[in-house]
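Residue-level listing of the chains:
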Amino acid sequence: MTAKSVWLKTPLTIFYPDLCDVVRLFWGDVSISPDEGETVITQECAEGGAHFFDLWSCGEETYAYHKEITTQSPLEFKRLRKRAAKMGLYGLMKQMTGVTPPWGALTGIRPTRLLYEGMEHGLPRDLAMRRLTAEYDVSPERAALLRDISLMQEGLREMPENAFDLYIGIPFCTTRCAYCSFSSGELGKGKLVKPYVDALLHEIAVCGEMMRRAGRKVRAAYIGGGTPTSIPCADLERILAAAQEQFPGAVEWTVEAGRPDTIDPEKLSMLRRRGVGRISVNPQTFCDETLRRVGRAHTGEDTVRAYRQAREAGFEDINMDLIAGLPGEDLDIFRKTLEKVVELNPDSVTVHSLAIKRSSRLHEQLHVNEGGHTRVNEKQAGEMIDLARQTLTRGGWQPYYLYRQKYMAGNLENVGYAKPGKACLYNIGNMEETASVLALGAGAITKWIYDRELRIERAPNVKNIEEYIARVDEMCQRKRALILEDPEA
Ligand code: SF4
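Here the structure is a predicted model, which means the values were calculated and not measured.

### Quick look at the packing of helix α7 (residues 233-246) against helix α8 (residues 265-273)
Argument step 1. One can describe the packing of α7 onto α8 by two numbers: an axis separation of 10 Å at closest approach and a directional angle of 10°. Classified by the angle between their axes, α7 and α8 sit roughly parallel to one another. Across the interface between the two elements, Cys 233, Leu 236 and Glu 237 of α7 pack against Glu 266, Lys 267 and Met 270 of α8.
Argument step 2. Among the residues making up the contact of α7 with α8, the classes are represented as three nonpolar, no polar and three charged.

Next comes the structure, spelled out in structure tokens:
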């Protein structure tokens, strides 16, 4: 059963967006409203003492859910009541559709967080893993994946005291990929590069002083985008030099060299000279026809060339990003990409499931022009993800971090795999939310952790490049207010 539009009626309006996410687990990008819709889903609530009862119904189907909540903490109560409402709706949707999503009822939460939550309450790792299957209907394979990730993260999740990670965003790309939802601008004639770099250097200098005042030291640093290597070598070097002067002592420097057509020996040798140890050279796929279709201006052969040049330049930590479920790709094409990756033998591989976000060109092509729900062949995307896991683990890579996004093919996940000793600290700290991240540049979001991971506050920078350039002082002020106890002093 599927639906064109949903009228979702609930007295718990405070949880409305979360309940919509549960419906979308089953019906994708369907339109959902509190006032109208062809398919009507209703929640009725009752409570007695600490017992909460929800009756969910849709046409002839009904599903009852009961939960006892005993906590005294209002925050915890809200969290548990929300979970109960979502579980009831999940039960109804599963009953109606006959579908069991791979991550069960999990939406809007990092899956590893629930595993660690169980372990922090004293459950052995295997029991914490099985709890995810019993309580949240997570498939045994996905629960085992989380266990493997937690094993890889041992000793790497914890941050040294008073440390933070650094992110610097360079929002330019040579062309725009059809699935891109970032705010990156096409480089064009590059007229915005210089003013952008000047604004960024200003933000780096102000934030360097801020971190010294706060007594904080950088642990891992990451330059992402966009494609940082799409700007001229000298500009990228100015950024690296300034960042390393203001934030000395990082144990890890990563630069996204994403597009193979932006990599050349000059940039590679500059990155080595500047102490960058880890780069990403991203094929996404080795199929040239797909690359053309999604608007990437390079071939599979370009990726091989860039990868070999990076090895020749001395890089011993190279990541490759792949996407499962790209338009027009079947399992055979994806298998060939995986075989090529295994042959090249990068140090880490990140396997993404295609997410068709609303701001992407692909969403427009599939949703607006073809009028359908923007979902790729979910079964096939799932097979690709499974094949990647088997192939990579057999080849010596182990999963070490994972995240999920909305609108992902088949409700799947993105997983980073690494050879022993090659897990990226920045990725773990950022995805597990164990690291405070100072984020600079257009669209970058600073996340500051308080009370030992219990509270996270954010200070976003504006996304638009021109606005960022004009308002960089305001971006610095936002961070000052977040990070310094006495920002005016
Ligand atoms: S390389 Fe990344 S940031 Fe650039 S257009 Fe493609 S998806 Fe977007």
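### Thoughts on the sheet that holds strand β3 (residues 39-48)
Argument step 1. The sheet built from five strands is open, its strands ordered β2-β1-β3-β4-β5 with mixed pairing. Each edge of the open sheet is held by one strand with a lone partner, namely β2 (31-33) and β5 (61-68). Sheet twist, expressed as the average angle between the axes of neighbouring strands with direction ignored, equals 20°.
Argument step 2. In the sheet, strand β1 (residues 5-9) pairs with β3 via four bridges, with the strands oriented parallel. Along β3, the bridge assignment pairs Leu 8 with Ile 41.

### Considerations on the packing of helix α3 (residues 111-120) against helix α5 (residues 140-152)
Argument step 1. Packing of α3 against α5 brings their axes to within 10 Å, and their N-to-C directions diverge by 75°. One finds that α3 runs roughly perpendicular with respect to α5. Along its contact with α3, which presents Pro 111, Thr 112 and Leu 115, the element α5 presents Leu 146, Ile 149 and Ser 150.
Argument step 2. In terms of residue class, the contact of α3 with α5 is built from four nonpolar, two polar and no charged.

### Quick notes on the domain arrangement of the protein
Argument step 1. Under the domain assignment used here, the protein contains domain 1 (1-99), domain 2 (100-142) and domain 3 (163-477).
Argument step 2. Each of domain 2 and domain 3 has a C-alpha centre, and these two points are 27 Å apart.
Argument step 3. Domain 2 puts six residues into the contact, and the matching count from domain 3 is seven residues.
Argument step 4. Taken together, the residues of the side of domain 2 that touches domain 3 sort by class into four nonpolar, one polar and one charged.

### A few points about unusual backbone geometry
Glycine aside, negative phi is the norm for most residues, and most peptide bonds take the trans geometry.
Argument step 1. The omega angle of the peptide bond from Gly 225 to Gly 226 is 10°, so this bond is cis rather than trans.
Argument step 2. Residue position: Gly 226 is located in the loop between β9 (217-225) and α7.
Argument step 3. Non-glycine residue Glu 433 carries a positive phi angle of around 55°.
Argument step 4. Exposure remark for Glu 433: the 16 C-beta atoms within 10 Å place this residue in the partly exposed category.

### Description of the nonpolar core
Argument step 1. By size, the foremost hydrophobic cluster in this structure holds 127 residues, and its most contacted members are Val 23, Leu 166, Ala 221, Ile 279, Val 281, Ala 310 and Ala 324.
Argument step 2. Here this core takes eight residues from helix α6 (residues 193-214), the largest share from any one element.
Argument step 3. Setting aside residues up to four positions removed in sequence, Leu 166 forms contacts with Val 218, Ala 221, Ala 243, Phe 247, Ala 250 and Leu 438.

### As for the environment of Glu 316
Argument step 1. You can see Glu 316 is positioned in the loop between α10 (300-312) and β12 (318-324).
Argument step 2. For the pair formed by Glu 316 and Pro 346, sequence separation is 30 residues and the distance between their alpha carbons is 8.7 Å.

### Quick word on the confidence of the model for the protein
Argument step 1. The predicted model of the protein averages 92 in pLDDT, with 94% of residues at 70 or higher.
Argument step 2. Counting interchain partners and residues more than four positions distant, the pLDDT-below-50 stretch residues 371-375 has 13 contacts.

### Details of α10
Argument step 1. Helix length check: α10, at 13 residues, gives a terminal C-alpha distance of 19 Å against a target of 18 Å (1.5 Å per residue), a fit within 8%.
Argument step 2. When we look at burial in α10, the residues that qualify are Asp 302, Thr 303, Ala 306, Tyr 307 and Ala 310. Buried residues in α10, looked at end-on, bunch into an arc of 135°, giving them a common side. Seen from the open side of α10, the exposed residues pointing more than 90 degrees away from its buried face are Glu 301, Arg 308 and Glu 312.
Argument step 3. Those residues of α10 hidden inside the fold are in contact with α8, β11 (278-280), β12 and α11 (331-344).

### Re the pairing of β3
Argument step 1. Pairing geometry for β3 and strand β4 (residues 51-58), over seven bridges, is antiparallel. For Thr 42, the partnering residue across the bridge sits in β4 and is Ser 57.
Argument step 2. In this antiparallel pair of consecutive strands, β3 and β4, the connection spans two residues, and Gly 49 shows a positive phi of 60°.

Analysis parameters
Residues numbered from 1 in each chain as written. Predicted model: local features only at pLDDT ≥ 70, side-chain atom pairs only at ≥ 80, totals over all residues. Axes fitted to C-alpha atoms, helices over the stretch in contact; angles between N-to-C directions. Helix = DSSP H or I, 4+ residues; strand = E, 2+ residues; numbered from the N terminus. Parallel < 35°, antiparallel > 145°, perpendicular 65-115°, else oblique. Contact = placed C-beta atoms within 7 Å. Nonpolar A, V, L, I, M, F, W, Y, C, P; charged D, E, K, R; others polar. Pairing = 2+ DSSP bridges. Domains from an automatic or database assignment. Buried ≥ 20, exposed ≤ 12 C-beta atoms within 10 Å, placed from the backbone. Core = buried A, V, L, I, M, F, W, Y, C linked by C-beta atoms within 7 Å. pLDDT = per-residue confidence, 0-100. Expected span 1.5 Å × (residues − 1). Arc of directions from axis to C-beta.

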